Amino acid sequence: MIINIDKDKLREFLAEFEDAEEVGKDEYTVDLYDTDPALSLDIELTKDGVDVLAALFLEFDEEQDGWYLGEKTKDAGLIEKVIRQALEG
């Protein structure tokens, strides 16, 4: 799904963000732990914009003291909101 995010601004963010990894040409995996809700995203920067390939909620397990992948989401509005939170710091 294509979302309404400035891909150039996002590219700059991803280049500096320690929890983002480029896994292919213009394709990234990024974990956003400090957003509400926390999300793990697979995204691709295309000529059409930012294409979300997968989005999953990140859940914290206090007993294990660690994060794990939760349910998938296809809510474009929520994904845009979370990415904007991350870009704003």
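I will try to describe carefully the structure that is included in this document. Bear in mind that the values here come from a model prediction, so they are computed numbers and not experimental data.

Cut-offs used in this document
- Residues numbered from 1 in each chain as written.
- Predicted model: local features only at pLDDT ≥ 70, side-chain atom pairs only at ≥ 80, totals over all residues.
- Heavy atoms only, no water.
- Phe/Tyr/Trp six-rings, centres within 6.5 Å; stacked < 30°, edge-to-face > 60°.
- Buried < 20%, exposed > 50% of the residue type's maximum accessible area, 1.4 Å probe, protein only.

**Section: the packing of aromatic side chains**
For the structure on display, the rule yields three aromatic pairs. Arranged with centres 4.7 Å apart and planes meeting at 25°, the rings of Phe13 and Phe17 form a pair that is stacked. For the pair Phe60 and Trp67, a centre-to-centre distance of 5.3 Å together with 70° between the ring planes defines the contact as edge-to-face. By relative accessible area, which is 38% here, Phe60 ends up partly exposed. Residue classification places Trp67 among the partly exposed residues on the basis of a relative accessible area of 40%. Three or more aromatic residues joined by ring pairs make a cluster, and in this case those are Tyr33, Phe60 and Trp67.

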